[in-house]
Amino acid sequence: IVHEQRYPALVHLARIPELQVLEEQSAGLLVGACVTISTLKGHAEKHQSSQQFYRVLFEQLEYNASRQVQNQATLGGHVLNHSRKHTSDILPILY
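As the structure is a prediction and not an experimental result, all values here were calculated from the model.

Caption draft 1: The packing of helix H1 (residues 37–47) against helix H2 (residues 52–62), seen in detail. Two elements in contact, H1 and H2, have axes whose closest approach is 8 Å; the angle formed by their N-to-C orientations is 140°. Here H1 lies oblique to H2, going by the angle between them. Crossing handedness for the pair H1 and H2: left-handed. In contact with Ile-37, Leu-40, Lys-41, His-43, Ala-44, Glu-45 and His-47 of H1, H2 contributes Tyr-54, Leu-57, Phe-58, Leu-61 and Glu-62. Here the residues of the contact of H1 with H2 are counted per class, giving seven nonpolar, two polar and three charged.

Caption draft 2: Focus on the side chain of Gln-70. Tracing the backbone shows Gln-70 in helix H3 (residues 67–72). Side-chain polar atoms of Gln-70 contact the side chain of Lys-41, separated by 3.2 Å. Side-chain polar atoms of Gln-70 contact the backbone oxygen of Ala-65, separated by 2.9 Å. Once you skip the residues sitting within four places of it in the chain, Gln-70 turns out to touch Thr-36, Ile-37, Ser-38, Lys-41, Leu-61, Glu-62, Asn-64 and Ala-65.

Caption draft 3: Layout of the side chain of Lys-41. Within the fold, Lys-41 resides in helix H1. In contact with Lys-41, not counting residues within four places along its chain, are Phe-58, Leu-61, Glu-62 and Gln-70.

Caption draft 4: The pairing of strand E1 (residues 22–25), seen in detail. Summarising the sheet, E1 and strand E2 (residues 28–31) pair through four bridges and their orientation is antiparallel. Bridging from a neighbouring strand, Glu-24 pairs with Leu-29 of E2. Hairpin connection, E1 to E2: the antiparallel pair is bridged by two residues.

The rules behind each value
- Residues numbered from 1 in each chain as written.
- Predicted model: local features only at pLDDT ≥ 70, side-chain atom pairs only at ≥ 80, totals over all residues.
- Heavy atoms only, no water.
- Axes fitted to C-alpha atoms, helices over the stretch in contact; angles between N-to-C directions.
- Helix = DSSP H or I, 4+ residues; strand = E, 2+ residues; numbered from the N terminus.
- Parallel < 35°, antiparallel > 145°, perpendicular 65-115°, else oblique.
- Left-handed = near helix turned anticlockwise from the far one by under 90°.
- Contact = heavy atoms within 4.5 Å.
- Nonpolar A, V, L, I, M, F, W, Y, C, P; charged D, E, K, R; others polar.
- Polar contact = N/O pair within 3.5 Å; in protein donor to acceptor, adjacent residues only side chain to side chain.
- Pairing = 2+ DSSP bridges.

In structure tokens:
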């Protein structure tokens, strides 16, 4: 069934710059909700030789999903999906 509804505005979350941020800060790593798993994995891979946190994060992200899924899946989506089920292997690393 197709519902024909018209909306005055459509927000594409990937176009909100604050949700795409991935940067080192003095308090830790700031990761926006729309950062893809593959982007986070690439960042962790680049820094894994300097800190154990990144090594552990990279190892976990490496086995999290297929490359195609990692390229589309976001950290925010992962957190929302798995926080209800308590099945995420990534969430304990981030806390």
